[in-house]
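Fold and geometry: a report
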Amino acid sequence: MTTALLNLIKLSVGTNSVEDLIAWQANRRAQGDDGLPRHVTRMWPKRAEELLSGGSIYWVIQGVLQCRQRILRLDEAIGSDGVRRCAIILDPAIIRTATTQKRPFQGWRYLPGADSPPDLTAARTDEDTLPPALSAALAEIGVI
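Quick summary incoming for the structure in this document. (Residues numbered from 1 in each chain as written. Predicted model: local features only at pLDDT ≥ 70, side-chain atom pairs only at ≥ 80, totals over all residues. Heavy atoms only, no water.)

1. Things to note about the overall build of the protein
What the protein contains, in helices and strands, is four helices and seven strands. Moving toward the C terminus, one meets the helices and strands of the protein in the order β-α-β-α-β-β-β-β-β-α-α. In the protein, buried positions account for 39% of the 144 residues. Taking all contacts inside the protein whose residues are at least 6 apart in sequence as the whole, residues at least 24 apart take part in 69%. Total accessible area on the protein is roughly 8,400 Å²; 53% of this is exposed by carbon and sulfur atoms. (Helix = DSSP H or I, 4+ residues; strand = E, 2+ residues; numbered from the N terminus. Buried < 20%, exposed > 50% of the residue type's maximum accessible area, 1.4 Å probe, protein only. Contact = heavy atoms within 4.5 Å. Areas by Shrake-Rupley, 256 points an atom, 1.4 Å probe, with all protein chains shown as cover.)

2. Some details on the pairing of strand S1 (residues 6-11)
Burial runs high along S1: six of the six residues are buried. The pairing of S1 with strand S7 (residues 108-112) spans five bridges and is classified as antiparallel. Across the sheet, Lys 10 pairs through a bridge with Trp 108, a residue of S7. As paired strands, S1 and strand S3 (residues 56-61) are joined by four bridges and run parallel to one another. Paired with Lys 10 across the strands is Trp 59, a residue of S3. (Pairing = 2+ DSSP bridges.)

3. Observations concerning the packing of aromatic side chains
Using the criterion set out here, one finds one aromatic pair in the structure. Judged by centre distance (5.2 Å) and plane angle (75°), the rings of Trp 108 and Tyr 110 are edge-to-face. We note Arg 84 situated over the ring of Trp 44; from NZ or CZ to the ring centre the distance is 4.4 Å. (Phe/Tyr/Trp six-rings, centres within 6.5 Å; stacked < 30°, edge-to-face > 60°. Lys NZ or Arg CZ within 6 Å of the ring centre and 35° of its normal.)

4. A few points about the pairing of strand S4 (residues 64-78)
As paired strands, S3 and S4 are joined by six bridges and run antiparallel to one another. Looking across to S4, one finds that Ile 57 is bridged to Gln 69. Connecting S3 to the antiparallel partner S4 that follows it, the hairpin turn spans two residues, and Gln 62 within it adopts a positive phi of roughly 55°. Bridge count for S4 against strand S6 (residues 95-101) is four bridges, and the pairing is antiparallel.

5. What to know about the pattern of salt bridges
Overall, the coordinates contain nine salt bridges when judged by the stated rule. Note that Glu 19 is salt-bridged to Arg 96, the shortest N-O span being 2.5 Å. Residue Glu 19 is located in helix H1 (residues 18-26), and its partner Arg 96 is located in strand S6; the two are separated by 77 residues in the primary sequence. Note that Arg 73 is salt-bridged to Asp 34, the shortest N-O span being 2.5 Å. (Salt bridge = Lys/Arg side-chain N within 4 Å of Asp/Glu carboxyl O.)

Here's what the structure looks like:
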């Protein structure tokens, strides 16, 4: 049986740009023993098989969905409080996507592959990034 492509969407709290996300993930605190970036969440995705069939985590930065990273695996992470959590292990490559305005939400949400924004072409990934407020305003009116 073939599973449908499924992604996650998550707010990147505390980052102001894709460059901030890249810098944070280069920090050793954002990596595991294997050197790969990870995002630890208290909930384990119930649809893990679909996520692990090529899914990505799409990052919302300053209210605008701007990039994604492929999900490599899900690892168990036990916190210092003894609570079992899910470490979402990510490909270090951050892929910029078409921007989409997103309202704030808590936790993460599933994002079907068919509803995911397209990746930017190689020619557009080197363009200067817009200030977050301008990018959000343009995404809101459907220009970008």
